[in-house]
Amino acid sequence: KQWYQRRVRAYNTGNTWPRDDIKPLLGLKHDPDLISIGFEELGDTEAWESEADEILSHLGYYRVKLNTMSIMQVAVFAKKRHLPYISHIETEYTKTGFGGTYGNKGGTTIRFRLYDKTLAIVNCHLSAHHNQVPLRDEEYWNIISEQDFEDPLTRHLYDHDYLIWSGDLNYRVNLSNEEVRAHISSNKHLDLLEYDQLRQEKAAGHAFIGFHEAQITFPPTYKFDPETDIYDTSAKQRIPSWCDRVLWRIREERQEIVSILNWGGGGGGTSDSDYLSSFSVDSNASEGECQVDGVGPSKQKRKKKKKKNVSGGAQMDSDLLEYDQ
């Protein structure tokens, strides 16, 4: 057995363009083996996709798969040495917006086999508003029940050895705005976890049954005034909450220790969460057919791609390095 690191990043872009440098959002200082990035409320899906591809390709990562639904996206990247051991890649998505007709809400999934393990990674955006807890629970179950796969080992999401669920889950804190902000001002924000809707729904068995979450040690990540650490001062006066979450579920037959190496939340006007964990695989597993998307570094092939003007400066050319399969 060998241990491998995976990083899962969830970020609600708030219908914005990428910043001049989105590297801090990708959380790359630990050089993990696998990276999963989930975006919600994309202002421009191609711009965010291009930025992530370019940064990660220059750091030695290859894109395994990308799955986009409307303004929501999930992508998985891996180091080159793992590519021959990644197989049975599939994607699924579930629309839950406006009664299941629109993809502004719902879940996008990438599943695959990695060595001797099966993984499914879901990025989702559930319905907003403080009083919509039953609807968020319902949307969770819709995603679980509607997504099916061809791999005979894992027909459903719960069949996977590791099911990782990230995104803007939109569960709020069940206290008044004044009470929540008073707790934060007094540095007692961890006391608010008792009133966290997601934890309450998990405990009641209404949603996310069997899922785990790393210990939250940081203040609520929602919602800040843009580019500041000041909670919402707009007319809406949104209640600070932990909307962006990363959870995981391990199949009973595969119960193993998942070591959490890092876990954190947004700041500086961002609404995001990420975690870094390690898990074991059988490194003697046989190679499979390489099925990755192929975006990554390569000395054999370099393509020029026109980059959109996303930062307000002059347009410029940038290299998109593609994996020559």
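Keep in mind the model is a prediction, meaning the values are calculated, not measured. Residue positions are given per chain, counting from 1 as you read along its sequence in written order. Side-chain atom pairs in this predicted model are given and counted only at pLDDT of 80 or more, local residue features only at pLDDT of at least 70, and totals for whole chains, interfaces and linings cover all residues. Only hydrogens and water are set aside when side-chain values are computed; all heavy atoms of the structure are taken into account.

**Looking at the side chain of S241**
Applied cut-off: Note on conventions: DSSP H or I runs of at least 4 residues are helices, E runs of at least 2 residues are strands, and numbering of each starts at the N terminus. For this analysis, a polar contact is any N or O atom pair within 3.5 Å, provided that within protein one partner can donate a hydrogen and the other can accept it, and provided that sequence-adjacent residues contribute only side-chain to side-chain pairs. Any two residues whose heavy atoms approach within 4.5 Å are treated as being in contact.
As for its placement among the helices and strands, S241 is situated in the loop between α5 (197-203) and β9 (244-250). Side-chain polar atoms of S241 contact the backbone oxygen of I239, separated by 3.1 Å. Not counting residues up to four positions away in its chain, the partners in contact with S241 are Y171, R172, V173, P220, T221 and Y222.

**Here's the deal with the packing of aromatic side chains**
The geometry of an aromatic ring pair is captured by two quantities: the separation of the ring centres and the angle between the planes. Inclusion rule: Only Phe, Tyr and Trp rings are paired, with Trp represented by its six-membered ring, and only when their centres lie within 6.5 Å; those with planes under 30 degrees apart are stacked, over 60 edge-to-face, the remainder tilted. Partly exposed describes any residue whose relative accessible area lies between the buried limit of under 20% and the exposed limit of over 50%, with all areas from a 1.4 Å probe on protein chains only and scaled to the type maximum. To sit over a ring, a charge needs its Lys NZ or Arg CZ within 6 Å of the ring centre and within 35 degrees of the ring normal.
For the structure on display, the rule yields 14 aromatic pairs. Between Y11 and W48, the aromatic rings sit 5.8 Å apart at their centres with planes inclined by 55°, giving tilted as the arrangement. Of this pair, Y11 sits in strand β1 (residues 2-12) while W48 sits in helix α2 (residues 45-58), and the two are 37 residues apart along the sequence. Both residues of the pair, Y11 and W48, count as buried. Note that K79 overlies the ring of Y61, its terminal NZ or CZ placed 4.2 Å from the centroid. A cation over a ring is seen here: R136 above Y171, with NZ or CZ 5.2 Å from the ring centre.

**Brief notes about the pattern of salt bridges**
Filter applied, for reference: Whenever Lys or Arg places a side-chain nitrogen within 4 Å of a carboxyl oxygen from Asp or Glu, that contact is recorded as a salt bridge.
Counted according to the given criterion, the structure contains 11 salt bridges. A salt bridge links D232 to R238; the nearest nitrogen and oxygen atoms lie 3.1 Å apart.

**Here's the deal with the nonpolar core**
Stated precisely, the cut-off is as follows: Here the nonpolar core consists of buried residues drawn from Ala, Val, Leu, Ile, Met, Phe, Trp, Tyr and Cys, with membership extended through side-chain atoms lying within 4.5 Å.
Counting residues in hydrophobic clusters, the biggest one holds 23 residues, and the most contacted among them are I86, F112 and L114. Of all elements in the fold, only β3 (61-69), β4 (72-79), β5 (86-97), β6 (102-114), β7 (117-125), β8 (162-168) and β9 reach the threshold of two or more residues within this core. Counting 19 residues, the second-largest nonpolar core is a separate cluster that includes F149, L157, L163 and F211.

**Quick notes on unusual backbone geometry**
Y222 connects to K223 through a cis peptide bond whose omega is -10°. Residue Y115 is not a glycine yet carries a positive backbone phi of 55°. Mapped onto the secondary structure, Y115 falls in the loop between β6 and β7. A residue is classified by how much of its surface remains accessible, and Y115, at 12% relative accessible area, is buried.

Treat this as a map of the structure, not an account of what it does.
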